[in-house]
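# Overview (structure and organization)
Each chain, written out:
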Amino acid sequence: MWWDERVSARFRRNLQPTLTYWSVFFSFGLCIAFLGPTLLDLRCQTQSSLSQITWVFFSQQFCLLLGSCLGGVFKRTLSQSLFALFASSLAISLVFAIIPLCHNVVVLAVVMAVAGLAMGCIDTISNMQLVKIYQKDSAIFLQALHFFVGFGALLSPLIADPFLSDTNCILSNSTANASSNLPHIRKSLVPHHPGNLSHYDLPMKGMVVTRVSYAFWIMALINLPVPIAVFFLLYKERMVPCFSSSSHPLLSADELAMETRPADKDELSTTVQRPHGAGGHDDLFSCCQSKNFRGASYTYFAVHITGALVLFMTDGIVGEYSGFVYSYAVEEPLSVVHKVAGYLPSLFWGFITLGRLISIPVSYRMKPATMVFINVVGVLITFLLLLIFSYSVVFLFVGTASLGLFLSSTFPSMLAYTEDILQYKGCATTVLVTGAGIGEMVLQLLVGSIIHDQGSYSFLVCGMIFGGLAFTFYAFLLFFHRMYPKPSADMDDASPDKPAVRDDTGQYQR
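Residues numbered from 1 in each chain as written. Predicted model: local features only at pLDDT ≥ 70, side-chain atom pairs only at ≥ 80, totals over all residues. Heavy atoms only, no water.

## Digging into the overall build of the protein
Tallying secondary structure elements over the protein gives 23 helices and two strands in all. Taken across its 510 residues, the protein has 57% of its residues classed as buried. Residue pairs at least 24 apart in sequence account for 83% of intrachain contacts in the protein once pairs closer than 6 positions are excluded. With an accessible surface of roughly 20,900 Å², the protein has 67% of that area assigned to carbon and sulfur atoms. (Helix = DSSP H or I, 4+ residues; strand = E, 2+ residues; numbered from the N terminus. Buried < 20%, exposed > 50% of the residue type's maximum accessible area, 1.4 Å probe, protein only. Contact = heavy atoms within 4.5 Å. Areas by Shrake-Rupley, 256 points an atom, 1.4 Å probe, with all protein chains shown as cover.)

This is the structure:
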């Protein structure tokens, strides 16, 4: 492999759990991207207005945020984490299967809320578990994890596309007039901003003609191997109730004897016996308990807050750019043809996925702090150039691709860097995942309102401001990193600043 033998051996020992967490994140990506292109057909299926159906976006995103906050509750033991992932990935398959049966918009919103909760749990738990397994080596595996969410997000619209209606899927007297607007409306659907399509008049009553159900059933089948993979991991770890009489680590006895140095055996046994709850990575509510703050320096809180604010801005940029770049392109002064402008969101997500793939080998050679610095500076420069060349359609496409590349690895690199600062204590994963989720939801609402009041040019101005804030918060994080106390042997065991005991064997701990 292109990494050293130590990391390669660690990966081989944890191959099954690592591949399982990657596959679960594929479920996350599959579920996060299908709603936009299929929303018009779902509007026909539920016979609702555009304003009503777009609230389904909000239902999913709000519960995704809630699920991210609650995901840490299930991390206290490995069995809880795996059962939560099994239930969440299975719920996503069931949601795909049930959506075609939802003929009421409220029922559909409830089903998408369940999907959002499952996605939030997957987001928090998968990141936490990979950080626990690999710790100092986690950056490269987090990059791969987030490649799979990009791959899933790229795949689900492709699956749905052949089954989308070419004309209005509710046949009525006004169908002919409404159908001419359909391609533009489909590309204009913006998550979490229900008011932006209220001026379109589409029929709500008539014969429903849609084949989108087949797309959801195909996605349900594609996702079904994921909960099966989680179940096999539970089975191998002897955590399925009927096989719980005995247990053994995923690392075999021969490998353990070979990989464990004699001097490390006492430390290893202490580490394995220690309960998971003694470490960091609590859920958001447990993190806020005063007992966790005893002995913590101000930099402990500052690292959590500034790290979350960086992701609040960068993930918010991902959400607002993918949601509004089409609407920006078709308006003056660019006035791009609707069909051509429709490629912009796909180009953006395509380069995010490509960037995450490239970041897998790059993250092994480059420190997470350096990667985040390159990302935030690249985002800032790209928005500056987009403002300078705001009349150029060609540069809009170039800038969209560039922005996707720079944003692609920000989240996993930021997570690896922040956890590294905190020596894998505290609540970095939960706080950062929650901050990113809030940013994606809030900034889309904010930018949608500003564009409505100030015009399409404000779209790039907002992006420039958010990029500048991301760079500023990252500069503060670098400062607090220098101020953060270095680990010492005499630190109180209960202090949040105390480094976690490292497991040099990389054993998959229970």
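## Some details on the packing of aromatic side chains
Think of a pair of aromatic rings as described by two things: how far the centres are apart, and how the planes are tilted against each other in angle. If you walk through the whole model with that rule in mind, you get 26 aromatic pairs. Taken together, a centroid distance of 3.7 Å and an interplanar angle of 15° make the contact between Tyr 134 and Phe 141 stacked. Here Tyr 134 falls in the buried class, since its relative accessible area comes to 0%. Classification of Phe 141 as buried rests on a relative accessible area of 1%. Seen in terms of ring centroids, Tyr 328 and Phe 459 are 5.3 Å apart; in terms of plane orientation they differ by 35°. Their pairing is tilted. In this pair, Tyr 328 is assigned in helix 16 (residues 298–330) and Phe 459 in helix 23 (residues 458–483), connecting sequence segments 131 residues apart. (Phe/Tyr/Trp six-rings, centres within 6.5 Å; stacked < 30°, edge-to-face > 60°.)

## Here's the deal with a nonpolar patch on the surface
Together, Leu 94, Ile 98, Leu 101, Tyr 214, Trp 217, Ile 218 and Ile 222 give the surface a local cluster of nonpolar side chains, amounting to about 650 Å² of exposed area. Listed by contribution, the elements that provide at least two residues to the nonpolar patch are helix 6 (78–98) and helix 11 (212–223). Of all the elements, helix 11 adds the most residues to the nonpolar patch, at four residues. Within the secondary structure, Trp 217 is located in helix 11. Given a relative accessible area of 38%, Trp 217 falls into the partly exposed group. (Patch = residues over 30% accessible without salt bridge, like charges linked within 9 Å, V, L, I, M, F, W, Y side chains within 5 Å. Salt bridge = Lys/Arg side-chain N within 4 Å of Asp/Glu carboxyl O.)

## Digging into the nonpolar core
Where a protein is soluble and globular, its nonpolar side chains tend to be buried together. Among the nonpolar cores identified, the biggest contains 124 residues, and Phe 34, Phe 96, Ile 99, Met 112, Tyr 321, Leu 396 and Phe 459 are the most heavily contacted of them. With 16 residues, the single largest contributor to this core is helix 16. Of the residues that make up this core, three or more belong to each of domain 1 (16–171 + 206–240) and domain 2 (296–485). Not counting residues up to four positions away in its chain, the partners in contact with Met 112 are Phe 34, Leu 35, Val 56, Ser 59, Gln 60, Val 95 and Ile 99. (Core = buried A, V, L, I, M, F, W, Y, C linked by side-chain atoms within 4.5 Å. Domains from an automatic or database assignment.)

## Remarks on unusual backbone geometry
Looking along the chain, the bond that leaves Glu 332 and enters Pro 333 is cis, with omega of 10°. Assignment of secondary structure puts Pro 333 in the loop between helix 16 and helix 17 (338–341). If you check the backbone angles, Gln 135 has positive phi at about 45° while not being a glycine. Structurally, Gln 135 can be placed in the loop between helix 7 (105–134) and helix 8 (138–160). Positive phi values are uncommon outside glycine, yet Ser 335 reaches one of about 50°. Inspection of the secondary structure assignment puts Ser 335 in the loop between helix 16 and helix 17.

## Some thoughts on helix 11
Because an α-helix completes one turn every 3.6 residues, residues spaced three or four positions apart along the sequence face the same direction. Relative to the 16 Å expected for twelve residues at 1.5 Å per residue, helix 11 spans 17 Å between its end C-alpha atoms, a close match to the ideal helical length. Within helix 11, the full set of buried residues consists of Val 212, Ser 213, Ala 215, Phe 216, Met 219, Ala 220 and Asn 223. Looking straight down helix 11, one finds its buried side chains confined to an arc of 160°; they lie on one side. Buried residues in helix 11 make contact with helix 2 (15–32), helix 3 (35–46), helix 6, helix 8 and helix 12 (225–236). (Expected span 1.5 Å × (residues − 1). Arc of directions from axis to C-beta.)

## What about helix 19 (residues 368–388)?
Taking 1.5 Å as the rise per residue, helix 19 with 21 residues should run 30 Å; its terminal C-alpha atoms sit 30 Å apart, in good agreement. Summarising the contacts, the buried residues of helix 19 are in contact with helix 8, helix 16, helix 18 (343–365), helix 20 (393–408), helix 21 (410–421) and helix 23.

## So, the confidence of the model for the protein
In the predicted model, the protein carries a mean pLDDT of 78, and 75% of its residues have values of at least 70. Contacts for the low-pLDDT stretch residues 245–281, under 50 throughout, to residues beyond four places or in other chains number 62 contacts. Every residue in residues 489–507 is under pLDDT 50, and counting partners more than four places away or in other chains gives 57 contacts. (pLDDT = per-residue confidence, 0-100.)

## Overview of the pattern of salt bridges
This structure, assessed with the given rule, holds three salt bridges. Put simply, Arg 6, Arg 10 and Asp 137 are held in one network by salt bridges that share partners.

## Here's the deal with the side chain of Glu 419
Locating Glu 419 in the fold gives a position in helix 21. It is Lys 132 that comes nearest to the buried, bridge-free Glu 419 among opposite-charge side chains, at 9.6 Å. At 2.5 Å, the side chain of Glu 419 and the side chain of Thr 429 are in polar contact. (Lys, Arg positive; Asp, Glu negative; His and termini not counted. Polar contact = N/O pair within 3.5 Å; in protein donor to acceptor, adjacent residues only side chain to side chain.)

## Here we look at the side chain of Ser 213
Along the chain, Ser 213 turns up in helix 11. Once you skip the residues sitting within four places of it in the chain, Ser 213 turns out to touch Gln 45 and Pro 100.

## Considering the environment of Ile 381
Structurally, Ile 381 can be placed in helix 19. Among the residues examined, Ile 381 registers a relative accessible area of 46% and is labelled partly exposed.

## Regarding the packing of helix 11 against helix 12
Their axes nearest at 5 Å, the elements helix 11 and helix 12 cross at an angle of 20°. On the basis of the axis angle, helix 11 is roughly parallel to helix 12. In this structure, helix 11 contributes Leu 221, Ile 222 and Asn 223 to the contact, and helix 12 contributes Pro 225, Val 226 and Pro 227. Considered class by class, the residues forming the contact of helix 11 with helix 12 number five nonpolar, one polar and no charged. (Axes fitted to C-alpha atoms, helices over the stretch in contact; angles between N-to-C directions. Parallel < 35°, antiparallel > 145°, perpendicular 65-115°, else oblique. Nonpolar A, V, L, I, M, F, W, Y, C, P; charged D, E, K, R; others polar.)

## Looking at the environment of Val 362
As for its placement among the helices and strands, Val 362 is situated in helix 18. According to the relative accessible area criterion, Val 362 is partly exposed, its value standing at 31%. Put simply, Val 362 and Gln 143 are 219 residues apart on the chain and 9.5 Å apart in space, counted from C-alpha to C-alpha.

## Quick notes on the packing of helix 1 (residues 5–13) against helix 2
Helices that pack against each other are described as a pair by the angle of their axes relative to one another and the distance between those axes. For the pair helix 1 and helix 2, the least separation of the axes is 5 Å and the interaxial angle reads 80°. With respect to helix 2, the element helix 1 is oriented roughly perpendicular. Between helix 1 and helix 2, the residues in contact are Phe 11, Arg 12 and Arg 13 and Leu 15, Thr 18 and Trp 22, respectively. For the contact of helix 1 with helix 2, the class distribution of residues is three nonpolar, one polar and two charged.

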